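Coordinates in review
Listed below, chain by chain, are the residues.
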Amino acid sequence: EKGGWSSFMAKEVSEEPEAVANTIRGRVHEGRVVIPELDGLDDLFADISRIVILGAGTAAYAGLVGKYAIEQWARIPVEVELAHEFRYRDPLVGPDTLVISISQSGETMDTLMAVKEAARLGARTLSICNTQGATIPRESDAIVYTHAGPEVAVASTKAFVAQITALYLFALHVARVRGTMGADDQAAQIEELSALPDKIRWVLDNEQERIEQLAHWMADTRSVLFLGRHVGYPIALEGALKLKELSYIHAEGFAAGELKHGPIALIEPGQPVFVVVPSPRGAQVLHSKVVSNIEEIRARGARVIAIAEAGDAAVLPSADEVLRIPLAAPLFEPILAVVPLHVFAMGLAEAKGLDVDQPRNLAKSVTVE
Ligand code: M6R
């Protein structure tokens, strides 16, 4: 089943381009996003006043990315919460709330219980799920499947990029229904989305070997930090989670703006820090602030590995390594920037001789609360 791959995870990372392409397929018609599964729900999308996204682990990080696109395109306020936190705090949701759950397996007990609680409180529920007929979609009012194909490795990779893709399609679908987005803008975003599979493939073809080499050199590292801002922040969290679960190395993800509020105290000579750099073609202020963060930590001896778009020269003077991603509109960068982090976590675990498909203490699907 692994084909010629050394692990399921290696196979599944290589399938990230198809996971995105297959999730888009059949959902774009004449320059507009139309998700057939959401047919008949136009009234619901017109009526809701807020969205709450629930998930656990990597699925929750996909939700954090999705919030930016839904708010920007569909103009609906979005909160993202860990399902297990939501469930036990008497949450304020009701008929005006759409609760979107995200789950690869569709069987995560924490997420299932949170969805049931939301439904009990009168919220409408939508499941974004990768497994046909699983429990969470069966318990939900509506379903948008991700089409990443079966994910076997415990670490979620191709499902993550497919989840963000599904959330973006959802945002575009709802923006069309609510009339919050012009046709040209909708067409431009669809073009960006459709270009992602080739761009992910570019990252794998051009950077994978170098990242694996880097991981090999870093096999004795005891701690790695990840920084990101805006949509790059959840990617920093995802990079840290993948490294923890696969290589058992201490790893933390931070919002870059938090650095001076505490985490910069962790920086000492030789400390490796991955920094997800926003495009200089997006909000210029975000780019220059993250470049300043790189300079600040470099001045304190950090070893900086920047993930930056091709041609961004501002990172060159202070970064020790620059991993390149192709140009994309800012909201689409997370789907590209996460790929080097998946490859890095896998490469480091392999360099340590660990089982990347079945890390210690973890289960693919967590069916207990
Ligand atoms: O099946 P789910 O998407 O509901 O799983 C949620 C988390 O348990 C899962 O993403 C976990 O964090 C992964 N092992 C991360 O790689």
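Residues numbered from 1 in each chain as written. Predicted model: local features only at pLDDT ≥ 70, side-chain atom pairs only at ≥ 80, totals over all residues. Heavy atoms only, no water.

1. What about the overall build of the protein?
For clarity, the cut-off: Secondary structure elements are taken from DSSP: a helix is a run of H or I of four residues or more, a strand is a run of E of two residues or more, and numbering for both begins at the N terminus. The rule is simple: take the accessible area with a 1.4 Å probe, protein chains only, and divide by the maximum for that residue type; under 20% is buried, over 50% is exposed, in between is partly exposed. Note on areas: Shrake-Rupley, 1.4 Å probe, and residue coverage restricted to the protein chains presented here.
Looking only at helices and strands, one finds 12 helices and 12 strands in the protein. Projected onto its principal axes, the C-alpha positions of the protein cover 55 × 45 × 40 Å. Counting across all 369 residues of the protein, residues that qualify as buried make up 57%. Counting every atom, the protein has about 14500 Å² of accessible surface; 50% of that belongs to carbon and sulfur.

2. Here's the deal with the nonpolar core
Quick note on the threshold: Here the nonpolar core consists of buried residues drawn from Ala, Val, Leu, Ile, Met, Phe, Trp, Tyr and Cys, with membership extended through side-chain atoms lying within 4.5 Å. Contacts were defined at the residue level, with two residues in contact if any of their heavy atoms lie within 4.5 Å.
Grouped together as the largest cluster of nonpolar side chains are 94 residues, with contacts concentrated most on Ile51, Ile70, Trp73, Ile100 and Phe170. Tallying contributions element by element places helix H8 (residues 158–178) first for this core, with 13 residues. Once you skip the residues sitting within four places of it in the chain, Trp73 turns out to touch Tyr168, Ala171, Leu172, Ala175, Thr180, Met181, Gln189, Leu331 and Phe332. Residues Ala256, Val277, Ile297 and Ala306 belong to the second largest nonpolar core, which totals 21 residues.

3. Looking at the pattern of salt bridges
What counts here: We define a salt bridge as a side-chain nitrogen of Lys or Arg found within 4 Å of a carboxyl oxygen belonging to Asp or Glu.
For the structure shown, the criterion picks out 19 salt bridges. The partner of Glu117 in a salt bridge is Arg120, and the shortest N-O contact between them spans 3.1 Å. In this pair, Glu117 and Arg120 both sit in helix H6 (residues 109–120), three residues apart, roughly one turn of the helix. Residue Glu117 is classed as buried on the basis of its relative accessible area, which comes to 11%.

4. Some remarks on a negative patch on the surface
Quick note on the threshold: Each patch is assembled from residues with relative accessible area greater than 30% and no salt bridge, linking like charges that lie within 9 Å and nonpolar side chains (Val, Leu, Ile, Met, Phe, Trp, Tyr) that lie within 5 Å. A positive count includes Lys and Arg, and a negative count includes Asp and Glu. His and the chain ends are not counted in either. Taken as the charge location is NZ of Lys, CZ of Arg, CG of Asp or CD of Glu.
Residues Asp39, Asp42, Asp43 and Asp47 make up a contiguous surface patch of negative charge. Owing to a relative accessible area of 59%, Asp47 belongs among the exposed residues under this scheme.

5. Considering the confidence of the model for the protein
Inclusion rule: Along the chain, pLDDT gives the predictor's confidence residue by residue, from 0 to 100.
Here the protein averages 96 in pLDDT, and 100% of its residues register 70 or above. Scoring the predicted complex yields pTM 0.97 and, for the interface, ipTM 0.99.

6. Observations regarding the sheet that holds strand S11 (residues 303–309)
Adjacent strands of a sheet form backbone hydrogen bonds with each other and so pair up, either parallel or antiparallel. This is how the line gets drawn: Pairing between strands requires that DSSP locate at least two bridges from one strand to the other. Axis definition: a line fit to C-alpha positions, over the contact stretch in the case of helices; interaxial angles, taken between N-to-C directions, run 0 to 180 degrees.
Reading across from one edge, S9-S8-S10-S11-S12 is the order of the five strands in this open sheet, with parallel pairing throughout. The open sheet has two edge strands with one neighbour each: strand S9 (250–255) and strand S12 (321–325). Averaged over all adjacent pairs, the angle separating strand axes in this sheet is 20°, with direction ignored. Relative to strand S10 (residues 272–276), strand S8 (residues 223–228) runs parallel, the two being bridged by three bridges.

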